[in-house]
Structure formats: C-alpha cells, structure tokens
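What follows is the residue order along each chain.
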Amino acid sequence: MHLLLVDGSGYIFRAFHALPPLNRKSDGLPVGCVQGFCNMLFKLTQDMDGDDAPTHMAVIFDAKGKTFRDDIYPQYKAQRPPAPEELVPQFPLTRSATRAFSIPSIEMEGWEADDIMATYACMARDAGFKVTIASSDKDLMQLVEPDGSIRLLDTIPRPGQPPLRWIGPDEVFTKFGVTPDKVIDVQALCGDSVDNVPGVPGIGVKTAAQLITEYGDLETLLSRAEEIKQPARRQKLIDNAELARVSKQLVTLEQKVPVEIDLDGLTRQPINPSALFPFLKAMEFATITKRLATLLEANPDDFEPDATLAANKDNPVPGAPQKSTSLSVAKAKLAANMVPGSGPARHAAAEHARIKAIPVNYEAYEIVTTPDALERCIDKVFAKGHVAIDTETTGLDPQQADLVGICLSTEIGEGCYIPVGHRKSGDMFEGGEGLVEGQLPIGFVLEALKRVLQDKSILKIGQNVKYDLEVLTRYGVAMAPIDDTMLISYALDGPRYNGLDVLAEHWLDHKTITYAALAGTGKNQKTFDQLEIAEAARYAAEDADITLRLWHVLKPRLAAENVTALYETIERPLAPVLAHMEARGITVDRQILARLSGDFAQRAAAFEAEAHELAGQSFNLGSPKQLGEILFDKMGIEGGTKTKTGAWATGADVLEGLAAKGHPLARTIVDWRQLTKLKGTYTDALPNYINPRTGRVHTSYSQASVLTGRLSSNDPNLQNIPVRTEDGRKIRTAFVAPEGKTLISADYSQIELRVLAHIADIQALKDAFEEGLDIHAMTASEMFNVPVEGMPSDVRRRAKAINFGIIYGISAFGLANQLGIERSVAGEYIRTYFERFPGIKDYMDAQKARVKADGHVMTIFGRKIQFPNANSGNPSERSFVERASINAPIQGSAADIIRRAMIRMEPELKKAGIEADMLLQVHDELIFEVPEGTEDQAIPVIKRVMEGAAEPAVRLTVPIQVDAHAAKNWDEAH
DNA sequence: ACGGCCACTTA
DNA sequence: GTAAGTGGCCGTC
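These numbers come from a predicted model, not from an experiment.

Visitor: I keep staring at the overall build of chain A and nothing clicks. Help me out?
Guide: A count of helices and strands for chain A gives 39 helices and 22 strands. Counting only C-alpha atoms and orienting by the principal axes, one finds that chain A spans roughly 105 × 85 × 55 Å. Residues counted as buried form 52% of the 974 residues belonging to chain A. Element-wise, carbon and sulfur atoms account for 52% of the exposed surface of chain A, whose accessible area totals about 43000 Å². For chain A, the centre of its 106 positive side-chain charges and the centre of its 132 negative side-chain charges are spaced 3 Å apart.

Visitor: Help me understand the side chain of Arg95 in this model?
Guide: Here Arg95 is to be found in helix α4 (residues 90–100). Among the polar contacts made by the side chain of Arg95, one reaches the side chain of Thr94 at a distance of 3.4 Å. Sequence-distant contacts of Arg95, defined by excluding residues within four places in its chain, comprise Ile12, Phe61, Asp62, Ser105 and Glu107.

Visitor: Looking at this model, I keep getting lost on the pattern of salt bridges. Mind explaining?
Guide: Pairs can form between side chains of opposite charge once their charged atoms are near each other. Under the definition given, this model contains 59 salt bridges. Between Lys555 and Asp483 there is a salt bridge, and its shortest N-O distance comes to 2.6 Å. Highlighted residues: Lys555 in helix α23 (residues 533–560) and Asp483 in strand β12 (residues 482–484), separated in sequence by 72 residues. For the pair Lys555 and Asp483, one class covers both residues: buried. The partner of Arg572 in a salt bridge is Glu568, and the shortest N-O contact between them spans 3.0 Å. Highlighted residues: Arg572 and Glu568, both in helix α24 (residues 564–584), separated by four residues, approximately one helical turn.

Visitor: Looking at this model, I keep getting lost on the protein's contact with DNA strand C. Mind explaining?
Guide: Taken together, 33 residues form the shell around DNA strand C, and within it Ser623, Asp715, Asn717, Ala801 and Phe813 come nearest. Between DNA strand C and Ala801, the relevant distance is 2.9 Å, taken from a base oxygen to a main-chain nitrogen or oxygen of the residue. The contact in question runs from a sugar or linking oxygen of DNA strand C to an N or O atom on the side chain of Gln891, over 3.1 Å. Looking at which element gives the most residues to the surface near DNA strand C, the answer is helix α37 (residues 875–911), with five residues. Residues belonging to the surface near DNA strand C are distributed by class as follows: ten nonpolar, 18 polar and five charged.

Visitor: I keep staring at the side chain of Ser597 and nothing clicks. Help me out?
Guide: Relative to the helices and strands, Ser597 resides in helix α25 (residues 590–615). Take Ser597: its relative accessible area is 9%, and that puts it in the buried class. Not counting chain neighbours up to four residues away, the residues in contact with Ser597 comprise Lys679, Thr683 and Asp684.

Visitor: I keep staring at the packing of aromatic side chains and nothing clicks. Help me out?
Guide: The geometry of an aromatic ring pair is captured by two quantities: the separation of the ring centres and the angle between the planes. Scanning the model with the defined rule gives 14 aromatic pairs in all. Relative to Phe837, the ring of Tyr833 lies with its centre 4.6 Å away and its plane at 35 degrees, an arrangement referred to as tilted. Take Tyr833 and Phe837: they sit in the same class, and that class is buried. The structure contains a cluster of three or more aromatic residues connected by ring pairs, namely Tyr11, Phe37 and Phe61. The residue whose ring lies beneath Arg151 is Trp166, and the NZ or CZ to ring-centre distance is 3.9 Å.

Visitor: Looking at this structure, I do not really get the protein's contact with DNA strand B. What am I missing?
Guide: Near DNA strand B you find 22 residues, and of these Thr643, Thr645, Thr650, Val723 and Arg724 are the closest. The contact in question runs from a phosphate oxygen of DNA strand B to an N or O atom on the side chain of Thr643, over 2.5 Å. In terms of residue count, helix α28 (residues 664–683) provides more of the surface near DNA strand B than any other element does, four residues in total. A class-by-class count of the residues in the surface near DNA strand B yields eight nonpolar, eight polar and six charged.

Visitor: Even after reading the chapter, I still don't get the pairing of strand β5 (residues 150–154), so can you show me in this structure?
Guide: A regular strand carries its side chains on alternate faces of the sheet. Within β5, four of the five residues are buried, which leaves it mostly tucked inside the rest of the structure. Both strand β4 (residues 130–134) and β5 contribute to a ladder of four bridges, which runs parallel. By the bridge assignment for β5, Thr132 is matched with Arg151. Alignment of β5 against strand β6 (residues 165–167), held across three bridges, turns out to be antiparallel. The partner of Asp154 across the bridge, within β6, is Arg165.

Visitor: It is not clear to me how the domain arrangement of chain A should be interpreted in this structure. Could you clarify?
Guide: For an interface, size is often stated in terms of accessible area lost upon the parts coming together. What the domain assignment reports for chain A is domain 1 (2–269), domain 2 (331–584), domain 3 (587–695) and domain 4 (752–893). Put simply, the middle of domain 2 and the middle of domain 4, counted by C-alpha atoms, are 43 Å apart. Listed by partner, the interface residues are nine residues for domain 2 and six residues for domain 4. Both faces considered, domain 2 and domain 4 share a buried interface measuring about 620 Å² in area, 48% of it formed by carbon and sulfur atoms.

Visitor: Which parts of the structure should I look at to understand the UniProt feature "domain: DNA-directed DNA polymerase family A palm" (unreviewed entry) in chain A?
Guide: Residues annotated in UniProt with the feature "domain: DNA-directed DNA polymerase family A palm" (unreviewed entry) correspond here to residues 728–934. When the span residues 728–934 is considered, its composition is 58% helix and 14% strand, and the gap between its end C-alpha atoms is 29 Å.

Visitor: Help me out: how do you make sense of the sheet that holds strand β17 (residues 741–748) in this one?
Guide: The strands making up a sheet associate through hydrogen bonds between their backbones, and the pairing can be parallel or antiparallel. Read from one edge to the other, the open sheet built from four strands follows the order β20-β21-β17-β22, with strand pairing classed as antiparallel. Every other strand in the sheet has two partners, leaving β20 (917–921) and β22 (962–967) as the edge strands with one partner each. Shown here is a sheet whose adjacent strand axes are inclined to one another by a mean of 25 degrees, direction ignored. Pairing of β17 with strand β21 (residues 925–931), which is carried by seven bridges, proceeds in the antiparallel orientation. Bridged to Leu743 within β21 is Glu929.

Visitor: Explain empty space enclosed by the protein to me, please; I cannot follow it from the model alone.
Guide: If a probe as big as a water molecule is rolled over the atoms, it shows which places are left empty. For the structure shown, the criterion picks out two cavities of 30 Å³ or more. As for the largest cavity, its lining consists of Arg69, Tyr76, Glu112, Asp114, Asp139, Asp195, Val197, Leu250, Val251 and Leu253. Looking at the lining of the largest cavity residue by residue, the class counts come to five nonpolar, no polar and five charged. Computed from the structure, the second largest cavity encloses a volume of approximately 40 Å³. Every residue lining the second largest cavity is listed: Arg99, Ser105, Phe382, Gly385, Ser457 and Ile458.

Visitor: Explanation requested: the sheet that holds β12 in the structure shown.
Guide: With mixed pairing, the six strands of this open sheet are ordered in space as β7-β10-β9-β8-β11-β12. Lying at the two open borders of the sheet, with one neighbouring strand each, are β7 (366–367) and β12. Summarising the sheet, strand β8 (residues 386–393) and strand β11 (residues 459–462) pair through three bridges and their orientation is parallel. If you follow Val387 over to β11, its bridge partner there is Lys460. Along the sheet face, helix α17 (residues 371–384) touches β7, β8, β9 (403–409) and β10 (416–419) and points at about 135 degrees away from the line of β8. Seen against the sheet, helix α20 (residues 485–493) touches β11 and β12 and runs at an angle of roughly 55 degrees to β12.

Visitor: So what exactly am I meant to see when it comes to the packing of helix α36 (residues 840–854) against α37 here?
Guide: Working note: a packed helix pair is described by the angle between its axes plus the distance between those axes. Two elements in contact, α36 and α37, have axes whose closest approach is 9 Å; the angle formed by their N-to-C orientations is 110 degrees. Considered as vectors, α36 and α37 are oriented roughly perpendicular to each other. Along its contact with α36, which presents Tyr843, Met844, Gln847, Lys848, Val851 and Lys852, the element α37 presents Val881, Glu882, Ser885, Ile886, Pro889 and Ile890. In terms of residue class, the contact of α36 with α37 is built from seven nonpolar, two polar and three charged.

Visitor: Is there a simple way to explain the nonpolar core in this structure?
Guide: Note that soluble globular proteins tend to have their nonpolar side chains buried in a common cluster. In terms of nonpolar packing, the biggest core is built from 149 residues, with Tyr748 and Met902 touching the most fellow members. Residue contributions to this core peak at ten residues, all from α37. Apart from residues no more than four positions distant in its own chain, Tyr748 is found in contact with Ile897, Ile898, Ala901, Asp924, Met946, Glu947, Ala949, Ile960, Gln961 and Val962.

Visitor: Explanation requested: the packing of α37 against helix α38 (residues 935–947) in the structure shown.
Guide: In the contact formed by α37 and α38, the axes pass within 9 Å of each other and the chain directions differ by 145 degrees. In the packing of α37 onto α38, the handedness of the crossing is right-handed. Residues Ala901, Arg904, Met905, Glu908 and Leu909 of α37 lie in contact with α38, whose contacting residues are Val941, Ile942, Arg944, Val945 and Met946. A breakdown of the residues in the contact of α37 with α38 according to their chemical character gives seven nonpolar, no polar and three charged.

Parameters and conventions
Residues numbered from 1 in each chain as written. Chains lettered and ligands numbered in written order. Predicted model: local features only at pLDDT ≥ 70, side-chain atom pairs only at ≥ 80, totals over all residues. Heavy atoms only, no water. Helix = DSSP H or I, 4+ residues; strand = E, 2+ residues; numbered from the N terminus. Buried < 20%, exposed > 50% of the residue type's maximum accessible area, 1.4 Å probe, protein only. Areas by Shrake-Rupley, 256 points an atom, 1.4 Å probe, with all protein chains shown as cover. Lys, Arg positive; Asp, Glu negative; His and termini not counted. Charge placed at Lys NZ, Arg CZ, Asp CG, Glu CD. Polar contact = N/O pair within 3.5 Å; in protein donor to acceptor, adjacent residues only side chain to side chain. Contact = heavy atoms within 4.5 Å. Salt bridge = Lys/Arg side-chain N within 4 Å of Asp/Glu carboxyl O. Near = heavy atom within 4 Å. Nonpolar A, V, L, I, M, F, W, Y, C, P; charged D, E, K, R; others polar. Phe/Tyr/Trp six-rings, centres within 6.5 Å; stacked < 30°, edge-to-face > 60°. Lys NZ or Arg CZ within 6 Å of the ring centre and 35° of its normal. Pairing = 2+ DSSP bridges. Domains from an automatic or database assignment. Buried area = accessible area lost by both parts, 1.4 Å probe. UniProt positions renumbered as here; feature names shortened; annotations may be inferred. Axes fitted to C-alpha atoms, helices over the stretch in contact; angles between N-to-C directions. 1 Å grid on protein atoms, 1.4 Å probe; cavity = no way out; pocket = protein on both sides within 12 Å on 5 of 7 lines; lining within 4 Å. Points joined across faces, edges and corners; volume = space filled by probe spheres on them. Parallel < 35°, antiparallel > 145°, perpendicular 65-115°, else oblique. Core = buried A, V, L, I, M, F, W, Y, C linked by side-chain atoms within 4.5 Å. Left-handed = near helix turned anticlockwise from the far one by under 90°.

As structure tokens, then:
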C-alpha cells in the first residue's frame, strides 16, 4: 500500500509564480494557475507510475479562515499579503480540477493542509502503508521517518537538478542539522520569517541544531539554559523561553485532525472521462485535453463542457458583493473568546462559539421542486465535500415507513427540502395516487441524489444515521461514507443528551420545532406525508441545518478529548452493521407462539381461580396494590415491608418468603405472574412485530443509549427473551431458521470475569482461565477451602454470587440480600475474597478515586463513562456511583470487544467465502443464520473473529473463549 | 392520553 | 451490588 498526498495549496502558489503569462479563457476568467495545477497533477501521477505506484491518493488544500495557530499567536502568518486578485477565483477551480481527475480533494476549516497531511500520513504509516508527500514545504520535514515509511517528494523544477527529488532523513539532516524527530525543536529556536514564527531572536538554524544536539530537546535546553557559556546566547534563551515554546506549538503539526474520510476513501480511482472532459473543455484547456484523450483512448467530442463552470456561476470574479453579516458577528465573538487548553481544545471551543452565534432563519430554507433546483443543490454538495442529510418518512419503523421527503444542508443556515411523497388529505385508501402536485418523482430524485449519497469522497452527516441508512437501502440507495452527530455526542458525553432537540438546546441554545406542534398528538396525529409541504420543509430543513451545526460543534471535540479512535474505529463503523442486522430480522414461528399463548392462558386461569379461592374473594391479580391489601391487611400476615412510595412490597422475593412460611397464595401469585408475563410480553406481543413485507421480526438496536457502551434493543426487545425457566425457553423455540437455513449462536464464556482478570491484573484468575478451570468452583475452593472434586452445588452457587457481586461493585448489603444470609457473614465473605485475590481491592479503590477526580472512568479501548454526580453530597448516591464506576470499565470493555467483533464479522466471513448473516446481538452472544450444511465452515471463522476482537488495539492477558452451536431454533442453538 | 411505579425478563 | 426494555395498573391531566 502506498499513499500519495499532494500539497494542493503549495501547488497552486507554485503554479502561480512559475507561470508568468496570464492565461484567461474566453470570458475573461483567469485560469492560468488552474492549467498549471492540472499539468503538475497529471505529470506527478505519470512520474509516480511504475512498480511503486500509489494505491491511495488525495490532494489537500488549506481552507480559508482561522486555525488554532491564530489563537496561540495572532501574528502567525499575519504579514502575508492577501492572495492576488486573479488567483482568488481559481481556488475553487483547483478543487474542481482535482475531482475531475477522480482524486479526493480535502480541506477542513480550522486546519492547515499540513495538519491534515500529517494526520493521514501517520494513519497510513500505522496501517503499514508507505507514504509520499508531494511538497517541498520544510514544515513537513518533521514527518519524515528514518525507515523511509514517510518521505517527501520535491517536484519543483530546479535548474541542474533531477526533476524528482526525494527528501528522506539524510536530506532533512542536511537542511536542519538534526534528525527528523528534532526538527520541531530546531524550528522552535530559529523561527521562520516566512510564516512569522518568532523563534529566539538571533538564533539561526546552525546554532539551533548545535544546541538541540547538545541538550537533546527544547525543554531540556530551556531548563538548563543557565549552563550555556556564551553570555549573550544564554541571556537570549532565558529571556525568550516562552517565545520558543509558542514557536514550537506553531510549527508542530497536529496529527489528530478529525478527518472525515478514512484511508479506504482515498483508494485511487481510474480517471472518469465523463467527469474529466466536461471540466477540461469548460476551462478551454486544449492541449491537456488532447493529451488525456490519447492516453484514455477517449473522444473529447463525446462530452459537453460543464455548463456550471463554463457559465462561471459559482466562481464570482473579484469585487462581487460578499454575503453574510452574521459571520462577522461570530468572528468578533471568536476573537474575544480566549480558551485555555491544547490546540485542538481551543479549536473546538472556538468553533462552538462561532456556530452558536449564527441564528436560525427559517426563511432561508428552500423547497426543491424542479430538476434545475435539484442540480444546483447537488452541485453545492460537490463543491463542499460534505452534506447534512435528514430523511422524512411516514413512521418511526425504518423497515416499514415510506419516504416522504429528503433534506440536504451544505451550509450552516441553509437547507434544501425535496418533497417526494406528500399526499392530499383524505387519500389514505388510494394507494399510489393522490400525491400533492408539484413534487419531483421519487425515482428521479433518488437517481440524482445517488451521485452524492454513494460518492466515496462526499461525507454524509446525519443524526441517528442508522435510520436513514435503512430507509434508503429499501429504496436502492447505499449511502456511504457517513458521520453521525448522535454517535459523536455519545462517544464524547455518553447517552446523556441523545435526541436532536436536546443536543440543539444544550449546545446551540436553540429550541427546535417539535413534531407534535406540527402534527398534533395522540390518535389524530398526522403522519409526515399529510403535512403541508411548506410546514414540512421548515421542520425538515431545520433538522438538517441543526445537524450540520452540531457536527461543527461536536466533531472537533473528538480530537480535543481523545476519543477520535473510539469514534472512528468503533462507533462510526458499527452503525451500518446494525442497519444490516435490523434489515435482516429473524423468523418467528406464529404457530408455536399461538399454541404457547393458549397453554399459558389456560394455566394462568387455573392459578387465578385458585388465588381467588385462597383469598376468599375475587380481586385483580395484576394489581400489586390490591394484592398487598389482601395479604397484609385482610389476611393479616406479619412482617410485610413497604416500598419507598409506601405501598406494600409484593415482589417475587417477598412472596417466596411468604410461601416458605406456609402461605400457599403467595406461591400461586408467583406462578400466575410468571405465566402472564410470558404471555403478555412475549407470546401475545411478538406476532404483532412480524413485518408483513418480510415476514420477519426486526428489532431496533440503540447504539447510543447505554451508559457503559452496551447496545440496547427495543420494538421488540430481543435481548430479554426468556431462557431461565422451562416455560420461558419454549418461547425461544419459536425463533427459527427458515427452510434451508440453520441458526448459529456464539457466546463469549465468562467475558466479564476475564476482562476483570485482565484489567485488575489478578494472577490467580488469569491462571484459572489459562488452565480452563470452572471459575466459580475455583473461587469456591479458594474461599471456603473445599476441594473442587465433589463440591456441593450450594458452595459453588455462593461463590458464583460473589463473583457476580465483584463485577457489580459488591456491598455486604447486596450480597446478603442475594444469598439470604446475614450482612456480617456477607461482609466476612468479601473480606476473604479480597485476601485470596489480591489486586481486586486495589482495582476498586483505583476506580473510585478516578471517578471522583475525573468524573469518569474508562474502558480498555478508551471509552469514557461519565458520572457527573461522582462527588454528590448524598451518601447513597455517592455509593451508587462508586459501585457503578467499578462495574462500568468491566461491562464497558466487554461491550467494546463484542462491538469490534461485529464490525469485523461481515468482511471476515466474506473473505473466507462464507455465506452467513449476523442477525442478533445479546450482549455476549451473536446469532447467525447460515445455509444448512455450512455450519462447520462458519463456526471456526465466527469464533476466530470474536476471540480475537480486542486485538490489535489491546493485547489481553487472558484467553478469550467463545462457544458456538448450530440448530434449527434459538433454544437448541443456545 | 401520559407518566410514575411495580413487576418481570435478559446479560 | 451493574446495565437495560416492556406491560399492566392507576392516578393525573
């Protein structure tokens, strides 16, 4: 793999200075620079062709506007004259040129091209790529690697020198007198007059290199400046230490820019003649058109000049009026806003202030009803490189709802709403007829939008993108790549703020239009297709606009708060995987459930009659209030307790106690409750979830609502299908493989205890797992001095409860409750456990201290779990946080592991040539559907992916074990 | 029609 | 003792 990064901005200025004759096309637009740029780009790709040709490529530009360096040092690059007038209109054209060559063109507001190149170079190097940066900017020399994995390529023609000059460690040494890793220290001292980096006055490259070589690095030098013999030099260093530090910050390239496109997105594409020639012809570049026509064996006459570019609409010539007043307000606010912290943190805070100051204007939103308007909308997206999108549908179920409209927002404050499915009122029964007039045909709109939505170089930003992915997939659109503001927020702040409305209120101080205000509530609530298009447009466009704003506010925080890796490697790639799983669904056998419902109903009725008999009166068994009154008031049973609201407690544990004391009614109620629960929640409810279109049940996974990083499942919840009791398991037999298929269930064995052993570094536990022992029996034997052979089941049961207790942040109170023993005895157990497994107590104390100090704890993959009330004045609340902070890294790390497994599963199965569909996730278990007879090929791959999911990010010090079984239904596979 | 509470289900 | 979601009852709006 070989990544070629081109310093686009460098190329533009070189083209400008190297090509004195001013080229203009027929309408007077200066294009000489664009031409030079095209020639250089083309020549570079030709020169690089060969054995070592780049497999990935991008051109990186400086975006306009401030960067974090302006906040650190306002004079940075301040002496630069503004760009020459004739160059300005050529800037956007060079971006178009890059795209015309089918090369990703990347620029990001707030970052210099050098920072973006540094980020990609490091990403690629870490992924085992070779990297070439086409630039002669000395600021990039800090990136050069001694092993040659990152090199610069200087392509400026210089008389008497070869056309291509590689810059490796030796060349860097020649230039700076130090190895590449010391370049920033040298630059910090000698400064840079071109960029206005101050450095230490009077110190040049030679002296700087000598000092850094002698002292090792800048900080050491500054701390030992007193030792320098030359008095003048010593004084200069002491006086200007701060200036040197600031200079170092200025020249240090940021390697964690939150880039929108991953390395995959930079894969080289063949040149597309239908993109290239319309551009070249619009620019009136005859020579290069001819050369490329020959090379590509294409006929340029087959293509028309690009109308937009030829008409010069989007590239106003200098002097054209500039819009935007709110921007200057925002800029003033930004200047006044001094933010502490690192570069990325300052940048994030500055972006927040800037975005928050831009008011929402509903009048600026546009309704798209003509092909021309749609084209303009799409052109804007291509010019921008990213777009916020929101789809509007007739309902909340992504497997059922119909598309009503799509909204795109490319600029903050703007939004194009494209209605496609609004219906006239009273038209519910007319099927495909009755659309409101004036809407573009849905097929036409989707075909046009596919160009944007399926373009690898255009980032689609949404709020809860999984929903849009599923809807669009049903309409034949495979949207990628994506960013999701909900998931970014989740990576940063956990599930605290989810919905768009909450995020908007919290970050932008903006209250969004509620759907209820638009459509009413209750059974008379209108569906989206029944809304007036104008009303719908305001709502939809606001959502897209707000999503874009939130993206600008939240995305920079990822780098500033060190959760980029978590978001990029876990959250972002998981969303499409979940979309696939939800779309597949699982087959549920109606007949089995119907039979069970009948059985449960009969038996429950018998229990009910028995209960009325025993109580001596008729009452509602489903009412805990009535039951409590009968048991404790009417029958006068002693020892009843009250819940915190003052009602009689009648939970299963209470009733079990009463039954043991000889009250048969209590047992009857327990049995009745269990049966009615199974019937009401499962056998009666599940058939209503069978989708008439697919004949399967499609749950919805929430990726962003669990504190610890687990998924949750709803509508229906397929993560709490019964398994414990015999009756409960019958429900699982209704989850079946269809004709010709088999289900596979693969589950992690004791994943949380293994994770605990790793995190807390408990040697005894690790050894036990290494040897494949029964972990609860081993615990029991350690604690109670009982041999594993012939151990009574009750002893093992107690140890098992203790092991779970440890994971849950044990308390004597809780353990006593669980085991039905005295608090003092439970306390003694815990003390013994801490003695036998040294390290556990340390782990617990460490988490408690961490959460109090930082307000969060962390999983082994860097997921932060926030506890805002860790220092609460309420003691019971504080104890709660302590227990949760002990549990969260364990539960969360296990959750991260299975998330990683899920992300890798589909590509790995595909690579192994196995046809297996991942259907469900139940925290430590994955359910697959495979063609009958392929179980034995699928299972080893599934196990390998799950067992190795932590690597290479984390090398676990315990073995991970996965058990997998195949069968025709879930009960037997489990 | 909505929301709190209690009960039950899972890992 | 950790983390979730759903359904029925019942009071309030």
